[in-house]
Amino acid sequence: MCPVRYRPQRTRHSHDDAPDTSEDFARLAALPEGPEREELSSRLVEAWLPMARRLAAKYRNRGESLEDLEQVAALGLVKAVDRYDPALGTPFVPFAVPTITGEIRRHFRDHTWDVHVPRRVQELRNKVRAAVRDLSTTVDDHAPSVERIAEHTGMSQEDVAAGLEAIGSFRSLSLDASVAAGADDGFSLADTFGQEEAEYDTVVAREAVKPCLRELPERQRHVLYLRFFRDMSQSRIGQELGISQMHVSRLLSKSFERVRRQVEHDRRVGRAHVTGRPAHRHPATVPDGMAAA
């Protein structure tokens, strides 16, 4: 196999990372899929890697490590080598550079935002950021106003406001960050979060069982009152009502089961009302003999 030749082009490129690989690309285009084509493609990618790394270096200091950017640029280079067709008459560099830089920009757009922002808002952010940079060189140290940015870019003030808001969404603050800038009092964002209130669930449960308790027969309601509001034991309840402790236990179990099933039924009906789907009655929704109870 012929190795890739590293002869710098004399007229078109001023960079040392532009090898002369025109003959190799022509041979690659004529090769069918297979090991020989894959090997030649790999050699071409390796030959042009310095150019891809140079393009990646232009995007350093933007929150991503240079190593990650070089990997993204190498992926763009692989795509460029795979898609390049020398028969179209376009040199490789004018074809490869947009492909590689597009891959890098796509990486910033899709993978480096801490907060998900729609593509349109990302584009607004880029326009607004460029406008702020331009206006900051012509206006006194004050940040340009929304009206000034809109006039400069031809955007609406609503779009400018969305772009300004998105500028602060590229990176999120750590929960360990101080609430006040420069403060060293140990009070962080995490300290401002609320905590779960267990009593909320208790309130919801009480409100859910209230209508069910009202529907219980008077005797069962009285047994529940003695047990849970008077804190009486089952045996003492039996003595007061003149029934056995076992009978009291059955009445309590029957009340619990009826209330539980009724609450579950009401929840299904509520969900069906929200979703618009009919609530299918489960055979266990209403226990046998409830009416008689």
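Below you will find a few notes about this structure. Remember, it's a predicted structure, so these values are computed and weren't measured experimentally. Numbering of residues begins from 1 in every chain and follows the order in which that chain's sequence is written. Per-residue local features are limited, in this predicted model, to residues with pLDDT of at least 70; the limit for side-chain atom pairs, both in listing and counting, is 80 or more; totals at the level of whole chains, interfaces and linings are taken over all residues. Hydrogens and waters are ignored; side-chain quantities use all the structure's heavy atoms.

This next bit is on empty space enclosed by the protein. Grid points spaced at 1 Å and placed over the protein atoms alone form the basis of the search, with a cavity being a set where a 1.4 Å probe fits but cannot get out and a pocket an open set showing protein on both sides within 12 Å along at least five of seven lines. Lining residues have an atom within 4 Å of a point. Grid points are joined across faces, edges and corners, and a volume is the space filled by probe spheres set on the points. Per the counting criterion, the structure on display carries one cavity of 30 Å³ or more. Estimated volume of the largest cavity: approximately 30 Å³. Forming the boundary of the largest cavity are Cys212, Glu215, Leu216, Arg258, Val259 and Gln262. Strands are runs of DSSP state E lasting at least two residues, helices are runs of H or I lasting at least four, and both sets are numbered from the N terminus onward. Here the lining of the largest cavity takes three residues from helix H11 (residues 245–275), the largest share from any one element. In terms of residue class, the lining of the largest cavity is made up of three nonpolar, one polar and two charged. Residues are sorted three ways: Asp, Glu, Lys and Arg are charged, Ala, Val, Leu, Ile, Met, Phe, Trp, Tyr, Cys and Pro are nonpolar, and all the rest, Gly among them, are polar.

Where empty space is left becomes clear once a probe the size of a water molecule has been rolled over the atoms. Looking at the second largest pocket, its volume works out to about 350 Å³. Around the second largest pocket sit 14 residues that line it, and Val209, Leu213, Leu224, Tyr225 and Phe229 are the ones nearest its centre. Those elements giving two or more residues to the lining of the second largest pocket turn out to be helix H8 (198–214), helix H9 (218–228) and H11. Grouping the amino acids of the lining of the second largest pocket by side-chain chemistry returns eight nonpolar, two polar and four charged.

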